[in-house]
Amino acid sequence: MMAMMKTAMDQPADIRIQVLSCPSLLAPVRQAIEAWCTLAGAIDAERGRIGLAIDEALTNIIRHGYDHRPDGKIYIDLRRDSTSLQFIIEDEARQVPLSEIRSRDLDEIRPGGLGVHLIREVMDEAVWSHRPQQGMRLMLRKNLVETSKTVLESQHDT
Amino acid sequence: MTPEGALPIDVEPAAEAVIVRPHGNVDLSTSPDLRAALQEAVARKQPHTIVDLSQVGYMDSSGVATLVEALQLARRSNGDLILCGLTDRVQSIFQIARLDAIFQIAQTLEDAMGGDT
């Protein structure tokens with residue numbers, strides 16, 4: 001897991017997005033990321049689920065990190081290789097204890113607490129850590145399915 | 001008139017039901033609008049609150065949480081809450097959250113009105 005993180009962090013990002021912790025900006029960020037996923041070769045079903053997972057990660061930062069403050073900074077790096085898409089999401093918000101980041105029991109029927117479950121369910125890897133100075137870092141990886149990889153390879157060939 | 005950025009939502013009376021129909025994406029920025037509309041609809045104390053999601057292209061967990069809250073509110077008022085018209089993308093989040101068995105889900109508004117869930 002740490003090896004994957006180091007490899008991904010060493011590569012330059014295809015795109016770096018900086019966005020404020022304002023809920024009304026979730027939709028345009030989601031759309032931009034989904035557009036990049038299409039370019040990177042994700043199929044429709046994957047693209048929508050990735051957009052959802054990123055949305056959930058940003059929502060958690062806005063809610064629990066910045067406590068709904070709309071002017072906090074969030075950075076999103078998008079990278080890809082031949083087999084996967086990687087996303088690194090960083091903030092300058094409160095450092096949440098890592099033990100508090102967990103999926104809730106889905107047998108409980110109650111509102112809230114689904115975000116971490118959705119992220120883990122959609123992504124092949126999700127690793128939260130504290131940044132050295134301040135804030136949180138979330139590293140996400142989504143393996144491309146065979147159909148996606150074929151698209152990606154054909155893009156590289158042309 | 002809907003304030004800028006707010007989620008347009010129709011709330012219509014029907015036979016023994018209230019139909020709530022949001023138009024647009026439901027995420028952290030718009031789920032409070034849906035929450036307010038659902039609370040108003042359930043407060044009408046009709047046996048059925050029907051949420052027509054056919055015009056919702058995207059929903060995240062804050063939208064799902066709003067619907068779970070409304071379901072609990074409706075049940076406490078001895079009513080029920082029926083979802084209908086889910087797009088594939090919205091259906092997908094209910095499946096991932098494993099909530100598709102908790103809600104009554106109808107294919108169409110007509111099915112929901114007729115009790116076909």
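Now for a quick tour of the structure.

What counts and what doesn't
Residues numbered from 1 in each chain as written. Chains lettered and ligands numbered in written order. Predicted model: local features only at pLDDT ≥ 70, side-chain atom pairs only at ≥ 80, totals over all residues. Heavy atoms only, no water. Helix = DSSP H or I, 4+ residues; strand = E, 2+ residues; numbered from the N terminus. Buried < 20%, exposed > 50% of the residue type's maximum accessible area, 1.4 Å probe, protein only. Contact = heavy atoms within 4.5 Å. Phe/Tyr/Trp six-rings, centres within 6.5 Å; stacked < 30°, edge-to-face > 60°. Lys NZ or Arg CZ within 6 Å of the ring centre and 35° of its normal. Lys, Arg positive; Asp, Glu negative; His and termini not counted. Salt bridge = Lys/Arg side-chain N within 4 Å of Asp/Glu carboxyl O. Polar contact = N/O pair within 3.5 Å; in protein donor to acceptor, adjacent residues only side chain to side chain.

### So, the environment of A:I61
All names here are of chain A.
Reasoning step 1: Along the chain, I61 falls in helix α3 (residues 44-65).
Reasoning step 2: Look at I61 and you get buried, because its relative accessible area is 11%.
Reasoning step 3: I61 has contacts with Y66, I74, I89 and D91, leaving out every residue within four places of it along the chain.

### Regarding helix α4 (residues 115-122) of chain A
Reasoning step 1: Across the eight residues of α4(A), six count as buried, placing the element largely inside the fold.
Reasoning step 2: By the burial criterion, the buried members of α4(A) are A:G115, A:V116, A:H117, A:L118, A:I119 and A:V122.
Reasoning step 3: Buried residues along α4(A) sit in contact with α3, β4 (125-130) and β5 (136-143) of chain A together with α2 (61-76) and α3 (88-96) of chain B.

### Comments concerning the packing of aromatic side chains
Reasoning step 1: All chains considered together, the criterion is met by two aromatic pairs over all chains.
Reasoning step 2: Seen from their ring centres, A:W36 and A:F87 are 5.8 Å apart, and the 80 degrees between their planes marks the pair as edge-to-face. With a gap of 51 residues between them, A:W36 in helix α2 (residues 26-39) and A:F87 in strand β3 (residues 84-91) connect regions that are remote in the sequence.
Reasoning step 3: A cation over a ring is seen here: A:R30 above B:Y58, with NZ or CZ 3.7 Å from the ring centre.

### Here's the deal with the side chain of A:D91
Residues and elements named next belong to chain A.
Reasoning step 1: Locating D91 in the fold gives a position in strand β3.
Reasoning step 2: Summary of buried charges: D91 has no salt-bridge partner, and the nearest side chain of opposite charge, R131, is 5.9 Å away.
Reasoning step 3: Among the polar contacts made by the side chain of D91, one reaches the main-chain amide nitrogen of A93 at a distance of 2.9 Å.
Reasoning step 4: A polar contact is formed between the side chain of D91 and the backbone nitrogen of M136, at a distance of 3.0 Å.
Reasoning step 5: In contact with D91, not counting residues within four places along its chain, are I61, Y66, K73, R131, Q134, G135 and M136.

### Comments concerning the pattern of salt bridges
All names here are of chain A.
Reasoning step 1: Tallying each qualifying case throughout the model produces 17 salt bridges over all chains.
Reasoning step 2: Between D44 and R47 there is a salt bridge; the shortest N-O distance is 2.9 Å. Here D44 pairs with R47, and both are found in helix α3, just three residues apart, close to one helical turn.
Reasoning step 3: Since its relative accessible area comes to 55%, D44 is described here as exposed.
Reasoning step 4: Overlapping salt bridges, with partners in common, bring together R16, D77, R79, E90, R131 and R137 in one network.

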